[in-house]
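Results of the structural survey
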Number of protein chains: 2
Amino acid sequence: MALQLERATQQRAAILAAFREHPHPLLPADVHALASVHCPGLGIATVYRTIKVLLAEAVLETVNLPGESARYELKDRPHHHHFQCRACGRVFDVPGCPPSLAAYAPPGFAVDGHELTLYGRCAECLRG
Amino acid sequence: MALQLERATQQRAAILAAFREHPHPLLPADVHALASVHCPGLGIATVYRTIKVLLAEAVLETVNLPGESARYELKDRPHHHHFQCRACGRVFDVPGCPPSLAAYAPPGFAVDGHELTLYGRCAECLRG
DNA sequence: CTAGATGCAAATCGTTTGCCAGTCG
DNA sequence: CGACTGGCAAACGATTTGCATCTAG
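An unreviewed UniProt entry lists chain A under the name Ferric uptake regulation protein, from Pseudothauera lacus. Recorded in UniProt under Subcellular location (unreviewed entry), the annotation for chain A is "Cytoplasm". The Subunit (unreviewed entry) comment attached to chain A in UniProt states, word for word, "Homodimer."

Here it is in structure tokens:
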């Protein structure tokens, strides 16, 4: 069922390059725009199909921001969270992680993961 | 404008009743189905429009689950977060909140809010 | 009466899929 | 050569909006 990329194609290389060159979560539309530079004529459907394959291969991971469509980034970075600027909408990586989040779960529940998103104003928007 | 409920209509009463009678986060489609019982012919567009107004009035709040469409619940509860069971998919409220989350933002950034979701197995699924 | 609210349908938006042509190995 | 891939456009599901009608105050 072709759920693996068995061939090394131009478009896959261009899509991976977009993620490597931009170390923050990207929307499919961003990936399409960035990868199109290296691979003119690239179709948006190919971006979606490739992202899905890369997720299955654990090369990418999904970054879900409440109320927004999913973004994706390379999974080769240490554990971190995200900050979204309410002014410009951009998303930044936030290193580190609050300790013992699992302690907040109800008794008897097993926690194996979490997502944390901070909101506010980025340094740039605060200056402007 | 019209970001306030200036008129008490049947359909708005029916929509609020659906939330009061159902202490879970509801999808717009759920609200439509539930409120239609008390208000036949209710349009889905009205549900969306009313939810938006109630959010602006801080009567409702959004519950975002990664990869799923937004749900809504009455905002009459204290600050809390959510736990989603990876086995049964249900969402539970988690009281409390890790302290000083703002400290994790990059220097120069201003934090004014956050969302936290824990994942794992609920007590029931762990037993089963 | 009159501004605001509703219903319906059409319009968007983001994402997925069908189909046929192109390409890698 | 032959299956895996990619592009295009139609299909899709969720949400929003235009517009004529209706209703609360």
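Further notes follow.
1. Regarding the overall build of chain A
Summing up its helical and strand segments, chain A has four helices and five strands in all. For chain A, the proportion of its 128 residues judged to be buried stands at 38%. Of the contacts made within chain A by residues no fewer than 6 positions apart, 49% connect residues no fewer than 24 positions apart. Total accessible area on chain A is roughly 7100 Å²; 55% of this is exposed by carbon and sulfur atoms. Taking the average location of the 12 positive side-chain charges in chain A and that of its 12 negative ones, the two points are 4 Å from each other.

2. Considering the side chain of His 82 of chain B
Residue and element names in this part refer to chain B. Take His 82: it is sitting in strand S3 (residues 80-85). Of note is the side chain of His 82, whose polar atom sits 3.4 Å from the side chain of His 80. A distance of 3.3 Å separates a polar atom in the side chain of His 82 from a polar atom in the side chain of Asp 93.

3. Focus on the pairing of strand S3 (residues 80-85) of chain A
Each regular strand carries side chains that alternate between the two faces of the sheet. All names here are of chain A. Judged by how many residues are buried, S3 sits mostly within the fold: six of six residues are covered. The alternating pattern of S3 places His 80, His 82 and Gln 84 on one face and His 81, Phe 83 and Cys 85 on the opposite face, and all of these are buried. Looking at chain direction, S3 and strand S4 (residues 91-95) are connected through five bridges and run antiparallel. Its bridge partner lying in S4, Phe 83 is registered against Phe 92. Here S3 folds back onto S4 in antiparallel fashion, the turn holding five residues, of which Gly 89 has a positive phi close to 80°. By the bridge criterion, four bridges tie S3 to strand S5 (residues 110-121) in an arrangement that is parallel. Looking across to S5, one finds that Phe 83 is bridged to Leu 118.

4. Some details on the relation of the copies chain B and chain A
Mapping chain B onto chain A calls for a rotation angle of 178° and an axial translation of 0.2 Å; the resulting RMSD is 1.5 Å. This pairing of chains is accounted for by a two-fold axis. Among all residues of chain B, the one whose C-alpha sits closest to the rotation axis is Leu 116 of chain B, at a distance of 2.2 Å. A shared interface surface links the copies, since 100% of the contact residues of chain B are contact residues in chain A too.

5. Some thoughts on the domain arrangement of chain A
Residues and elements named next belong to chain A. For chain A, the assigned domains are domain 1 (2-74) and domain 2 (80-127). Across the boundary between the two partners, domain 1 contributes eleven residues, which contact nine residues of domain 2. Interface area for domain 1 against domain 2, summed over the two sides, is near 720 Å², with a carbon-plus-sulfur share of 43%. The interface formed by domain 1 and domain 2 holds three residue pairs in polar contact (both at pLDDT 80 or more) in total. Looking at the side of domain 1 that touches domain 2, the elements that each hand over two or more residues are strand S1 (60-63) and strand S2 (71-74). Among the residues making up the side of domain 1 that touches domain 2, the classes are represented as five nonpolar, three polar and three charged.

6. Thoughts on the side chain of Arg 71 of chain B
Residues and elements named next belong to chain B. Counting through the fold element by element, Arg 71 comes out in strand S2 (residues 71-74). Separated by 2.6 Å, the side chains of Arg 71 and Glu 68 make a polar contact. Contact partners of Arg 71, with chain neighbours within four places excluded, come to Pro 25, Leu 26, Leu 27, Glu 61, Thr 62, Val 63 and Leu 65.

What counts, and at which threshold
- As a convention, each chain's residues are numbered from 1 in the sequence order in which they are written.
- Here every chain gets a letter starting at A, and every ligand a number starting at 1, in the order they are written.
- Local features in a predicted model are, by the rule used here, given only for residues with pLDDT of at least 70; side-chain atom pairs are given and counted only at 80 or more, and totals for whole chains, interfaces and linings are based on all residues.
- Computation of side-chain values: all heavy atoms of the structure, hydrogens and water removed.
- UniProt positions are given in the numbering used here, feature names are shortened, and annotations may be inferred rather than shown by experiment.
- Numbered from the N terminus, helices here are DSSP runs of H or I no shorter than four residues, and strands are runs of E no shorter than two.
- Accessibility here uses a 1.4 Å probe with only protein chains present; expressed as a share of the type maximum, an area under 20% marks a residue as buried, one over 50% as exposed, and anything in between as partly exposed.
- The contact criterion used is simple: two residues touch if any of their non-hydrogen atoms lie within 4.5 Å.
- Only the protein chains shown count as cover for residues, with accessible areas throughout obtained via the Shrake-Rupley method and a probe of 1.4 Å.
- The sign given to each residue is positive for Lys and Arg and negative for Asp and Glu; His and the chain ends receive no count.
- By convention, the point assigned to a charge is CZ for Arg, NZ for Lys, CD for Glu and CG for Asp.
- Polar contact is the term for a pair of N or O atoms within 3.5 Å; when the atoms are in protein, one must be able to donate a hydrogen and the other to accept it, and sequence-neighboring residues count only if both atoms are side-chain atoms.
- Being paired, for any two strands, means DSSP has found at least two bridges between them.
- Each copy is superposed on the other by least squares, with the fit set by C-alpha atoms of residues at a pLDDT of at least 70 in both.
- All the domain ranges listed were derived from an automatic or database domain assignment.
- A 1.4 Å probe defines the accessible area here, and the buried area is the portion of it lost by two parts on being joined, summed over both.
- As a working rule, the residues Ala, Val, Leu, Ile, Met, Phe, Trp, Tyr, Cys and Pro are called nonpolar, Asp, Glu, Lys and Arg charged, and the rest polar, with Gly in that last group.

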